[in-house]
Amino acid sequence: MKRILLIILGILIILAAVLLIRTFTYPFKKNEQGSQADVKWVKDNAAVQRLSDGIKIPTVSAGDLGNFDYAPFDQFKEYLKNSYPLIYQNTENYEINKYGLVFRLKGSNAALEPIVFLSHMDVVAPGDADVKNKEEGIFRPDDKALPAVKKVAEDWDFAPFSGAVADGRIYGRGSIDMKGMLFSLMESMTNMIKSGSIPQRDIYLAFGFDEEVGGRKGAMQIAQFFKKKGLKFDAVYDEGGLILEKGSIKGIDSDVAVIGCAEKGFLSAKIKVKGLGGHSSMPPMQSAIGKAAVIMQRLEEDQMKPKITPLIKEFFDNIGGTMPFVNRLAISNQWLLKSVLLSQLAKNNSTNALIRSTTALTMMKGSDGTNVLSPEVEFVVNFRLLSGDSVKDIREHIKKATKGFDVEVEEIDNTREASAVSPTNVKAYQLIQQGIKQIYPNAVTTPYLTMAGTDAYKYQIVSKNIYRFMPIKITDAEKQSIHSTNEYISIENYMKMILYFEYIMRNYDK
């Protein structure tokens, strides 16, 4: 017995030694951080005012995939033309499907593949009410909407389309998502033209107008236009990742710039569950809503399996070296601790979304009466697909969850596979890293998986190098304001964003 115990102890000592050696020798990326302070920036009052006035134009996309009021978009197009005459005078520019805008700054070497920067001019509504306001930010609702409008107004420090400039910030719907990026691109290209700088390769700007409702009439048609012209882009840059302020990621004691090299797929299914209807005084043993509850419970309890994809492995390899010892131990010894690592990641909503195709029950409809049994109950489940899981896999997953019940399954919205994963060992990605060092020299940069859908997805037909990153340092509260209330961008973020895009444009081929 003593000998057996000694053997077990020896095995444990060897195992512990192996774990420790692997932890301390694991090739975590060494992030070369600068010792200098963040770059000095200068407020450009004219640039701030141009963004402020652009926010005042309520280019809200709502309704059924682009069937909305286009009058503000006409106004916005005219505003850009008047605000940036140098771009309109010095680029080849045209409209796609009337409201999509494309600008081409010609380079000196036609043999080089161009690069393109994306943005979109549409924004989501400011709140629960159907709100319209004048340039001065005064609400003009109908009488029925007044109570809801009052609530929306209370949740904003300034009216949603006021474009107010106060406390070092520019307020309004779209300030971050994503007129801030659109205007910073226009400012950066204007600065290029003013300086007489001629890039080696063509630089394109491409602005959609219906991203918030799927991008079918805007970005999709722009990308298809580029393909028909035979264009291939060396890089496509869009929104997606951000610079997360120190403390945003638990255990990492620095700012982290997350660069979206891929985005999740999408499938929303409306599941109609059939049962016996009638009066609630004589209910069956299991109603339609009870059957729906069983299916929903199956979907939530038996979710898609978690896994560490190559992209997420690279993410951990990049940031793992700055994390606490326990985290590094698990990351560097996945041969033994992978299940433990996955279990820990699954406990947090944000990290859980990195390792699995997520399941979200979002809508449900039954009877309209307290004493009425509906013969049919419907609910909607939304899946966000991780790379490696296919739409076919999700359909099989739904089929398994609904087994034994009389159901109809209808896919709604835009079903699509997960995007391709863009490489990190190419110039297109490395320029992002270099650009970040110009504005936040101490930030840790890493590839990342973008959770939400972007216009970038449509550009897979014209490029293999697609990156989703907006160069602004953001707090959790600011991140929460996107698509919510009290959205604003700091003037510092806006000025640094202009510097960043100008750096990419000037230095891509240096």
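Residues numbered from 1 in each chain as written. Predicted model: local features only at pLDDT ≥ 70, side-chain atom pairs only at ≥ 80, totals over all residues. Heavy atoms only, no water.

S.K.: Residues and numbers for the sheet that holds strand E5 (residues 169-171), please.
M.R.: Read from one edge to the other, the open sheet built from 3 strands follows the order E4-E5-E17, with strand pairing classed as antiparallel. Edge positions in the sheet fall to strand E4 (165-166) and strand E17 (488-490), since each has one partner strand and no second. Where helix H2 (residues 45-55) meets the sheet, its contacts fall on E4, E5 and E17, and the angle it forms with E5 comes to roughly 20°. Of the strands in this sheet, E4, E5 and E17 are in contact with helix H16 (residues 491-507), which crosses E17 at around 70°. (Pairing = 2+ DSSP bridges. Helix = DSSP H or I, 4+ residues; strand = E, 2+ residues; numbered from the N terminus. Contact = heavy atoms within 4.5 Å. Axes fitted to C-alpha atoms, helices over the stretch in contact; angles between N-to-C directions.)

S.K.: Quick rundown of the environment of Leu 267? Include the residues and the values.
M.R.: Considering the arrangement of structural elements, one finds Leu 267 in strand E9 (residues 265-274). Of the residues examined, Leu 267 reaches a relative accessible area of 0% and is grouped as buried. Beyond its immediate stretch of four places on either side in the chain, Leu 267 contacts Val 381, Asn 382, Phe 383, Leu 385, Val 391, Ile 394, Arg 395, Ile 398, Glu 411 and Thr 415. (Buried < 20%, exposed > 50% of the residue type's maximum accessible area, 1.4 Å probe, protein only.)

S.K.: Run through the environment of Phe 28, naming residues and quoting values.
M.R.: Note that Phe 28 resides in the loop between helix H1 (2-25) and H2. Not counting residues up to four positions away in its chain, the partners in contact with Phe 28 are Thr 23, Phe 316, Asp 317, Gly 320, Gly 321, Arg 328, Ile 331 and Ser 332.

S.K.: With reference to specific residues and values, describe the domain arrangement of the protein chain.
M.R.: A common way to state how big an interface is: give the accessible area lost once the parts meet. Looking at the protein chain, the domain boundaries give domain 1 (45-249 + 420-508) and domain 2 (261-416). Contact with domain 1, which involves 24 residues of that partner, is made by 19 residues of domain 2. Here domain 1 and domain 2 share an interface that buries about 2000 Å² over both sides, 60% of which is from carbon and sulfur atoms. Per-residue buried area on domain 1 facing domain 2 is highest for Tyr 448, Leu 449 and Met 451; these three make up 31% of the total on that side. Between the two partners, domain 1 and domain 2, sit 1 salt bridge. Here Glu 263 ties to Arg 468 by a salt bridge, and the two come within 2.7 Å at their closest N and O atoms. Summed over the shared surface of domain 1 and domain 2, the number is 8 residue pairs in polar contact (both at pLDDT 80 or more). Contributions of two or more residues to the side of domain 1 that touches domain 2 are made by strand E15 (444-450) and strand E16 (466-474). Broken down by element, the residue count for the side of domain 1 that touches domain 2 peaks at 7 residues, all from E15. Within the side of domain 1 that touches domain 2, the residues separate by chemical class into 13 nonpolar, 8 polar and 3 charged. (Domains from an automatic or database assignment. Buried area = accessible area lost by both parts, 1.4 Å probe. Salt bridge = Lys/Arg side-chain N within 4 Å of Asp/Glu carboxyl O. Polar contact = N/O pair within 3.5 Å; in protein donor to acceptor, adjacent residues only side chain to side chain. Nonpolar A, V, L, I, M, F, W, Y, C, P; charged D, E, K, R; others polar.)

S.K.: Could you give an account of the pattern of salt bridges, with specific residues and numbers?
M.R.: Tallied over the full model, the rule gives 21 salt bridges. When the shortest N-O distance is used, the salt bridge between Glu 92 and Arg 104 registers 2.9 Å. With Glu 92 in strand E1 (residues 92-96) and Arg 104 in strand E2 (residues 100-105), this pair connects stretches of sequence that are 12 residues apart. One network of salt bridges, with partners in common, ties together Arg 201, Asp 234, Lys 427 and Asp 509.

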